[in-house]
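Architecture at a glance
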Amino acid sequence: MPKTDYDEFAEAYSADNEANLLNGHYERPAMLSLAGDVAGRRILDAGCGSGPLSAALRDRGAIMSGFDLSTAMIDLARRRLGEDADLTVADLAKPLPYDDAAFDDVVASLVLHYLEDWTEPLAELRRVLKSGGRLILSVNHPILYTALNPDAEYFDVAEFTYDAEHAGRTVVYTNWHRPLQAMSDAFTAAGFRISVISEPPIAPDTPSELIPQQLKHLKHPPRFISFIFFTLEAC
């Protein structure tokens, strides 16, 4: 299957990511809520993209570092965060350029579902975390796979594609599905303990015009199935 190359559509994705429903008013507010009070904490943004989550955490007093596989995304993040920001191009599927126990927290926003094998990436994220530190992450909700592929087997670990539109451009995404137990087993094997599993609503201040009509009859703010969120503690 084709691999998702963010260098090809970095500008369009970043523009859409700022204020759309899924990223701007659902995923990012949920990550910030899970992070809580981050003042003075050293945080690594794994797969930082153009840096909106890093910027929001920095505004709350965190000391941020970040990396992304996409050179174009890192260029956009540096434009947002400043030339002196601690940003680098790196691959989560390979050893990371950080010291052991360098960070209080790691945030990984919609990153792991691009990887077939979570073993080494999670081991690396555990390595760079202090004992008792947190890995706060979001991935596709596992039910999404069978919702998009009704004939698929939920308990498989399987690659799949889907289309999404960003700033008028259609992008083909390639992701890996995992059932919830496979996620949990991978976290435990890497030395993490699950402290939170979250299926949050959208942000209460989401503009009405961004909420799909089929959700407006639900309790406000509405919930829907898209991503699932975890806070893991480094044992």
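Structure: above.
Below: a short report on this structure. Note that the structure is a prediction, hence the values are computed from the model and not measured.

This part covers the overall build of the protein chain. From N to C terminus, the protein chain includes 7 helices and 9 strands. The C-alpha radius of gyration of the protein chain comes to 17 Å, within 12% of the 18 Å expected for a compact globule of 235 residues. Taken along its principal axes, the extent of the C-alpha atoms in the protein chain is 45 × 40 × 35 Å. Element-wise, carbon and sulfur atoms account for 51% of the exposed surface of the protein chain, whose accessible area totals about 11200 Å². Here the protein chain contributes 20 positively and 35 negatively charged side chains, and the mean placements of these two sets differ by 6 Å.

Attention now goes to the sheet that holds strand β8 (residues 192-198). Hydrogen bonds along the backbone pair up the strands of a sheet, which may run parallel or antiparallel. The mixed open sheet is built from 7 strands, whose spatial order is β3-β2-β1-β4-β5-β9-β8. In this open sheet, the two edge strands, each paired with only one partner strand, are β3 (86-89) and β8. Adjacent strand axes in the sheet meet at a mean angle of 15 degrees when their direction is disregarded. Contacting β5 (129-140), β8 and β9 (227-234), helix α7 (residues 180-189) crosses the sheet at an angle of about 20 degrees to β9.

Moving on, we get to the pattern of salt bridges. The final tally for this structure, using the stated rule, is 7 salt bridges. For R41, the salt bridge is made with D105, and the minimal N-O distance between the two is 2.6 Å. Of the two residues, R41 is situated in the loop between α2 (21-35) and β1 (42-46) and D105 in strand β4 (residues 103-109); the sequence distance between them amounts to 64 residues. Overall, R41 belongs to the partly exposed group, its relative accessible area being 25%. Judged by its relative accessible area of 1%, D105 is buried. Via salt bridges that share partners, R41, D105 and R134 belong to a single interconnected network.

Right, let's talk about the nonpolar core for a bit. Nonpolar side chains in soluble globular proteins tend to be buried together. In terms of nonpolar packing, the biggest core is built from 30 residues, with W118, L122, L135, L137, F187 and F192 touching the most fellow members. If you list the elements that add at least two residues to this core, you get β1, β4, α5 (119-128), β5, α7 and β9. Setting aside residues no more than four positions away along its own chain, F187 makes contact with W118, L122, L137, F192, I194, F230 and L232. Ranked by size, the runner-up nonpolar core spans 23 residues in total, among them M31, L53, L57 and I211.

Turning next to the packing of aromatic side chains. Taken as a whole and assessed by the stated rule, the structure comprises 11 aromatic pairs. Both rings, one in Y26 and one in F224, keep their centres 4.9 Å apart while their planes meet at 40 degrees; by these two values the pair is tilted. Placement of Y26 in helix α2 and of F224 in the loop between β8 and β9 is noted, with a sequence separation of 198 residues between them. By relative accessible area, Y26 is classed as buried at 1%. Look at Y162 and Y173: their rings are 5.5 Å apart centre to centre, the planes differ by 15 degrees, and that puts the pair in the stacked class.

For Y6, the position within the fold is in the segment before α1 (10-19). As for Y6 and K94, which are separated by 88 residues in sequence, their C-alpha atoms are 18 Å apart. With near-sequence residues (within four places) excluded, Y6 lies in contact with Y13, S70, M73, Y114 and Y173.

It is at 11 Å that the axes of α2 and helix α3 (residues 52-59) come closest, and there the two elements cross at 35 degrees. The two elements α2 and α3 meet at a crossing, and its hand is right-handed. Residues R28, M31, L32 and A35 of α2 form the contact with α3, whose own contacting residues are P52, L53, A56 and L57. When the residues that make up the contact of α2 with α3 are grouped by side-chain class, the tally is 7 nonpolar, no polar and 1 charged.

Parameters and conventions
- Residues numbered from 1 in each chain as written.
- Predicted model: local features only at pLDDT ≥ 70, side-chain atom pairs only at ≥ 80, totals over all residues.
- Heavy atoms only, no water.
- Helix = DSSP H or I, 4+ residues; strand = E, 2+ residues; numbered from the N terminus.
- Rg over C-alpha atoms; globule rule 2.2 N^0.38 Å.
- Areas by Shrake-Rupley, 256 points an atom, 1.4 Å probe, with all protein chains shown as cover.
- Lys, Arg positive; Asp, Glu negative; His and termini not counted.
- Charge placed at Lys NZ, Arg CZ, Asp CG, Glu CD.
- Pairing = 2+ DSSP bridges.
- Axes fitted to C-alpha atoms, helices over the stretch in contact; angles between N-to-C directions.
- Contact = heavy atoms within 4.5 Å.
- Salt bridge = Lys/Arg side-chain N within 4 Å of Asp/Glu carboxyl O.
- Buried < 20%, exposed > 50% of the residue type's maximum accessible area, 1.4 Å probe, protein only.
- Core = buried A, V, L, I, M, F, W, Y, C linked by side-chain atoms within 4.5 Å.
- Phe/Tyr/Trp six-rings, centres within 6.5 Å; stacked < 30°, edge-to-face > 60°.
- Left-handed = near helix turned anticlockwise from the far one by under 90°.
- Nonpolar A, V, L, I, M, F, W, Y, C, P; charged D, E, K, R; others polar.

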